[in-house]
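Coordinates in review
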Amino acid sequence: MKMDREMERLLDEIPLLHHGDLVGRRETDDVVDLSCLIRELAEMGVVEGGDDGLPLPVAADKMGFFGGSSPTSSLCFSNQESYAASRPFSLERRRVLDPFSGFSSFFLDDDAADSDGWDIRCPPPPQPSPPARGRSKAARRKGGCAAAAASPKKCVAARCDSLAGLGGFMHHIARDQHGCRFLQQRLEDGKREVDFIFAGVARHAVELMVNPFGNYLMQKLLSVCDDEQRMAIVLTLTEEPFVLVRISLNVHGTRAVQKLIDCLMTREEIQLVVEALNPGFLELIKDPNGNHVVQRCLQSFDASDNKPIFEAAAVHCLDIGMQCHGCCVLQKCIARSGGEQREKLVAAIASNGFELAQDAFGNYVVQYVMDLKVPAANASLTKQFLGRYIHLSMQKFSSNVVEKCLKVFKEADKASIILELLAAPHFEQLLQHPFANYVIYSALQNSKVWMNT
């Protein structure tokens, strides 16, 4: 074995030294002396040598070794057949280091050499396989239900089975953009799909309503579920106090709650929702998201169902009326109420008329009440404003209220306002005032003397 390994080493070195181009040898390099290696091979009986130890000349063989007639080598094997049989390795598995690639290795077979026996033929590089082209959305849906035309029931059953496989993960899928869209599409397939999805998300209605994507699924579900399922969702949302209020204050939850309000059918459902919102009524009205929920209740429910809202608005009318969102809700409360409820609400606003008239938002509520021409309300406002018209005329917001008084009050009340303005110590200052001058102009337009001339 040691002899075989040594012989293999020597045979591997000879071609590399013999063919200088394989190791980068130029023509100018010194010629390599092979005599030492040849003598060692002769001693081992691999090649035949003369008396001087040099090999005898032979013709070129299959492996590319030449005899003495070759200008580069005079090697010959003593017995090529016995040598090939005795070699411990096969030519097909022989590794040759390519000096030009640094670390690349190739395998030579019997047909690898064409000219000189040492030209290495590299295999062609592997061609990349073309990427698989994805199908369109319509094609995927069509492929998923290829037998729909032949057997619609089988297609529906397959979809139901796929939804049933989601099991307890459906509420997680609903929080994903694409998963939510998939579930919304399945809701359109029929009652069985609605039941599957309802069973998977109903218990998680609170968290899904405030989710950026889940709220859309809940809105869709509320529009297609039956009365029993809708009642179950209402009970889930109103089971704990302030849960529905927190959802309504959320930028995503407010849309879901508004959809819930639109879908309520029975008096029991409406009462549960209104009672759940009532504790946070003041906070909802002042919130940019929550006020839309209150306005949707006023728009969708009857006056009798909105009674708790009207009562809360009457109690907090001053606080509500002086807020940008609250002033709109307060005006809508007046418009949607009727009878005794409306009288209480108007009376509460009129009793706080002086404070509201000087506010940037409250002055619109006072003007709205004055346009109703409710005698009791206008009489209350007249008492509060009397003796303060000059003060109110010199303010930006309350000057608008004084102008409205000159238009809608009774003639006797208009005369009182004009006389008070004329009795001002420095009337000329009112004419030059940036706000009071509009009040004086409005007084001239609405006085009997001006109209007669």
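Residues numbered from 1 in each chain as written. Predicted model: local features only at pLDDT ≥ 70, side-chain atom pairs only at ≥ 80, totals over all residues. Heavy atoms only, no water.

An unreviewed UniProt entry lists the protein under the name PUM-HD domain-containing protein, with Zizania palustris as the source organism. Quoted verbatim from the Function (unreviewed entry) heading of the UniProt record, the comment on the protein is "Sequence-specific RNA-binding protein that regulates translation and mRNA stability by binding the 3'-UTR of target mRNAs." (UniProt positions renumbered as here; feature names shortened; annotations may be inferred.)

1. Here we look at the confidence of the model for the protein
A residue-level look at the protein finds 62% of positions with pLDDT of 70 or above and a mean pLDDT of 76. Taken as a whole, residues 16-32 scores under 50 in pLDDT and shows 18 contacts with residues more than four places along the chain or in a different chain. Within the model, the stretch residues 53-122 combines pLDDT values under 50 with 118 contacts to residues more than four positions away or in other chains. (pLDDT = per-residue confidence, 0-100. Contact = heavy atoms within 4.5 Å.)

2. Let's talk about the packing of aromatic side chains
Taken as a whole, this structure holds one aromatic pair when the rule is applied. Aromatic side chains Phe 385 and Tyr 389 sit 6.3 Å apart centroid to centroid with 70 degrees between the ring planes, which places their arrangement in the edge-to-face category. For Phe 385, a relative accessible area of 0% puts it in the buried group. Judged by relative accessible area, which is 1%, Tyr 389 ranks as buried. Residue placement shows Arg 388 over the ring face of Phe 354; its charged tip is 4.1 Å from the ring centre. (Phe/Tyr/Trp six-rings, centres within 6.5 Å; stacked < 30°, edge-to-face > 60°. Buried < 20%, exposed > 50% of the residue type's maximum accessible area, 1.4 Å probe, protein only. Lys NZ or Arg CZ within 6 Å of the ring centre and 35° of its normal.)

3. Focus: the UniProt feature "repeat: Pumilio" (unreviewed entry) in the protein
In the numbering used here, UniProt assigns the feature "repeat: Pumilio" (unreviewed entry) to residues 200-236, 276-311, 348-383 and 384-420. Taken end to end, residues 200-236 comprises 76% helix and 0% strand; its first and last C-alpha atoms sit 14 Å apart. (Helix = DSSP H or I, 4+ residues; strand = E, 2+ residues; numbered from the N terminus.)

4. Quick look at the pattern of salt bridges
Counted by the stated rule, this structure contains 13 salt bridges. The salt bridge involving Glu 188 is made with Lys 220; its shortest N-O contact spans 3.3 Å. Residue Glu 188 is found in the loop between helix 7 (177-187) and helix 8 (191-201), and its partner Lys 220 is found in helix 10 (residues 214-224); the two are separated by 32 residues along the sequence. For Glu 188, a relative accessible area of 58% translates into the label exposed. Its relative accessible area of 25% is what places Lys 220 among the partly exposed residues. Two residues, Asp 226 and Lys 191, come together in a salt bridge whose shortest N-O distance is 3.5 Å. With a gap of 35 residues between them, Asp 226 in the loop between helix 10 and helix 11 (227-238) and Lys 191 in helix 8 connect regions that are remote in the sequence. Residue Asp 226 is classed as partly exposed on the basis of its relative accessible area, which comes to 28%. A residue is classified by how much of its surface remains accessible, and Lys 191, at 43% relative accessible area, is partly exposed. The network of salt bridges with shared partners includes Lys 191, Asp 195 and Asp 226. (Salt bridge = Lys/Arg side-chain N within 4 Å of Asp/Glu carboxyl O.)

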